[in-house]
Amino acid sequence: MAIATPEVYNEMLDRAKAGKFAYPAINVTSTQTLHAALRGFAEAESDGIIQISTGGAEFLGGQFNKDMVTGSVALAEFAHIVAKKYDITVALHTDHCPKDKLDGYVRPLLAVSEERVARGENPLFQSHMWDGSAETLADNLAIAQELLERARAAKIILEVEITPTGGEEDGVSHEINDSLYTTVDDAIRTVEALGLGEKGRYLLAASFGNVHGVYKPGNVVLRPELLKELNEGVSAKYGKASPFDFVFHGGSGSTEAEIALALDNGVVKMNIDTDTQYAFTRPVADHMFRNYDGVLKVDGEVGSKKTYDPRTWGKLAEASMAARVTEACANLRSTGTKLK
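These remarks concern the structure in this document. (Residues numbered from 1 in each chain as written. Predicted model: local features only at pLDDT ≥ 70, side-chain atom pairs only at ≥ 80, totals over all residues. Heavy atoms only, no water.)

**As for the overall build of the protein chain**
Spelled out, the test is: In this text, helices come from DSSP runs of H or I with a minimum length of four residues, and strands from runs of E with a minimum of two, each type numbered from the N-terminal end. C-alpha atoms define the radius of gyration in this analysis, and the globule rule sets the expected value at 2.2 Å times the number of residues to the power 0.38. Classification of residues uses two cut-offs on accessible area relative to the type maximum, computed with a 1.4 Å probe and protein chains only: under 20% is buried, over 50% is exposed, and between them is partly exposed. Between two residues, a contact is recorded if the distance between any of their heavy atoms is within 4.5 Å. Per-residue and other accessible areas were derived by the Shrake-Rupley procedure at a 1.4 Å probe size, with only the shown protein chains allowed to occlude residues. We treat Lys and Arg as the positive residues and Asp and Glu as the negative residues; His and chain ends play no part in the count. To locate a charge, take NZ of a lysine, CZ of an arginine, CG of an aspartate or CD of a glutamate.
Broken down by element type, the protein chain carries 13 helices and ten strands. For the protein chain, whose C-alpha radius of gyration is 20 Å, the value lies close to the compact-globule estimate of 20 Å for 340 residues. Across its three principal axes, the protein chain shows a C-alpha extent of roughly 75 × 50 × 40 Å. Counting every position in the protein chain, which comprises 340 residues, the buried fraction comes to 54%. Sequence separation of 24 or more characterises 74% of the internal contacts of the protein chain that already satisfy a separation of 6 or more. Here the protein chain has roughly 14800 Å² of accessible surface; of this, 53% comes from carbon and sulfur atoms. In the protein chain, the 35 positive side-chain charges and the 48 negative ones have mean positions that sit 6 Å from each other.

Structure below.
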C-alpha cells in the first residue's frame with residue numbers, strides 16, 4: 001500500500017490515539033522534499049503524513065502561473081506512484097487554508113476527490129485543513145460544517161483550526177497573546193456544530209500557546225495540559241471519553257517534555273515544517289561555501305560540473321531532511337509503529 005486508503009487512514013489515527021503517539025506531518029514543496037520525507041519515515045519504520053500548504057502548492061504549480069490546484073494535484077499524483085517504493089504507509093494532506101483561498105484550493109481539491117470517488121476510486125488526498133482561525137468562531141464553524149459534509153461524502157477527513165496559532169505561516173498571522181488558548185466553551189461549540197464523528201471525522205487543531213516560526217525552547221509558553229481539559233470538558237457533557245483527535249501546530253522549539261504531554265493528552269498529528277526546511281537547506285549552504293570556486297565560474301574559469309550539478313548537493317539535502325524526519329518520529333513515539 002503506500003498511500004493510505006480512507007479506511008487505513010482512519011486505522012492509522014485510531015492506532016496513534018490508542019498508543020499515545022503521533023504522526024509527523026511533513027510539509028513538502030518539491031519532489032525531492034517528498035522523497036526526503038518518505039525516506040525518513042521508511043528509515044524510522046513509521047507511517048506518516050505528507051502535507052502541502054497553500055504557499056507550497058503555489059510554488060509547486062510553477063512560477064509562470066503559480067496555480068495551487070495544479071501544483072498540489074501534480075505532487076499528489078507523483079506521490080501515488082513513487083510512494084509504492086517505500087515500505088511504509090502515508091496519508092496526503094493539505095495544510096492551512098484560510099477563507100480567501102478556499103475557492104482556489106480546498107474546494108477545487110474536494111471536487112477532484114468527489115469525481116474520483118464517484119468513479120469508484122479513492123480520494124486523491126486523505127485530509128484537508130480549513131483554517132478559520134481569523135474568523136469569528138460562529139463563521140468558522142459554519143464554513144466547517146459545509147466542508148465537513150463534502151469531505152465525509154468524499155471519504156476525506158477534515159482538519160479544523162478553531163482558535164489562533166501565533167506567528168505567521170503562508171500569510172496567515174496572529175499576535176502572540178492570551179487568545180492563543182482554546183477554551184472548553186470553544187470546544188463544546190465545535191461539537192455542537194460538527195458533532196462527534198457522526199457527521200464526519202475531523203481533526204482538531206486546538207490552541208494551547210502554539211506559535212509558528214523559529215523559537216528557542218522556553219520562548220513560547222505552551223500549555224499541553226489544556227488538551228486534557230478540553231477532552232474532559234466535552235466528555236462531561238456528551239459522555240464520550242477522549243472525544244478529540246488533536247493536531248499540534250507550531251511545534252518548533254518545543255521541549256521533549258511538552259511534546260510528551262501533548263501526546264499523552266490526545267495529539268495524533270504534529271506539523272513539522274520549519275525544522276525540516278532548515279535541515280534541507282543547511283547542507284546545501286555548506287556545499288556552496290566549501291566549493292565556491294567549483295559551483296561558480298570564478299575569474300573566467302570553467303568551474304566544476306560535479307560540484308554545481310544539482311544532484312550532488314540535492315542528495316546531501318535529501319539525506320539531511322530525511323534524518324530530521326526520522327528524529328521527529330522518535331520524538332513523537334511513532335518509530336517502529338508502521339502498519340504491517
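Moving on, there is more to tell.
**Some remarks on the packing of helix H4 (residues 68–82) against helix H5 (residues 106–118)**
The condition that has to hold: Here, axes are lines fitted to C-alpha atoms. For helices the fit covers the stretch in contact, and angles between N-to-C directions go from 0 to 180 degrees. Throughout, the term roughly parallel applies to angles under 35 degrees, roughly antiparallel to angles over 145, roughly perpendicular to angles from 65 to 115, and oblique to all others. For a crossing to be left-handed, the near helix must be turned anticlockwise from the far one by less than a right angle; the clockwise case is right-handed.
Taken N-terminus to C-terminus, the directions of H4 and H5 make an angle of 40 degrees; their axes are 10 Å apart at the nearest point. One way to sum up the angle between H4 and H5 is to call them oblique. In the packing of H4 onto H5, the handedness of the crossing is right-handed. For the pair H4 and H5, contact is made by Val-69, Ser-72, Val-73, Glu-77 and His-80 and by Pro-108, Leu-109 and Arg-116, respectively.

**Brief notes about the packing of helix H7 (residues 184–194) against helix H8 (residues 225–238)**
What counts, and what does not: Residue polarity follows a fixed list, in which Ala, Val, Leu, Ile, Met, Phe, Trp, Tyr, Cys and Pro are nonpolar, Asp, Glu, Lys and Arg are charged, and the others, Gly among them, are polar.
Packing of H7 against H8 brings their axes to within 9 Å, and their N-to-C directions diverge by 50 degrees. Here H7 is positioned oblique relative to H8, judged by the angle of their axes. Note on packing geometry: the crossing formed by H7 with H8 is right-handed. Across the interface between the two elements, Val-184, Ala-187, Ile-188, Val-191 and Glu-192 from H7 touch Glu-229, Leu-230, Gly-233, Val-234, Lys-237 and Tyr-238 from H8. A class-by-class count of the residues in the contact of H7 with H8 yields seven nonpolar, one polar and three charged.

**A short note on helix H9 (residues 256–264)**
An α-helix turns once per 3.6 residues; consequently, residues spaced three or four apart project the same way. Keep this limit in mind: To be clear, the arc concerns the directions from the helix axis to the C-beta atoms.
Burial in H9 covers these residues: Glu-258, Ile-259, Ala-262 and Leu-263. Projection of H9 onto a plane perpendicular to its axis shows the buried side chains occupying an angular sector of 135 degrees, all on one side. The outward face of H9, more than 90 degrees from its buried face, is lined by the exposed residues Glu-256 and Ala-257. Packed against the buried residues of H9 are H8, strand E9 (246–248), strand E10 (267–272) and helix H13 (310–331). Phi for Gly-266, located one or two positions after H9, is positive at around 110 degrees.

**Some points on the packing of aromatic side chains**
Short version of the rule: Aromatic rings from Phe, Tyr and Trp, with only the six-membered ring used for Trp, were paired whenever their centres fell within 6.5 Å, and each pair was classed as stacked if the ring planes differed by under 30 degrees, edge-to-face if by over 60, and tilted otherwise.
Across all of its chains, the model carries three aromatic pairs by this definition. A centroid spacing of 5.5 Å and a plane angle of 45 degrees characterise the contact between Phe-244 and Phe-246, whose relative ring orientation is tilted.

**As for the pattern of salt bridges**
Condition: Salt bridges are defined by distance alone: a side-chain nitrogen of Lys or Arg within 4 Å of a carboxyl oxygen of Asp or Glu.
For the coordinates displayed, the defined rule picks out 19 salt bridges. Across the pair Arg-116 and Glu-77 runs a salt bridge, and its minimum N-O distance is 3.8 Å. Placement of the pair is Arg-116 in helix H5 and Glu-77 in helix H4, with a sequence separation of 39 residues. Arg-119 is paired through a salt bridge with Glu-121; the nearest N and O atoms lie 3.1 Å apart. By relative accessible area, Arg-119 is classed as exposed at 52%. Salt bridges sharing partners connect three or more residues here, namely Asp-14, Lys-17, Arg-201 and Asp-245.

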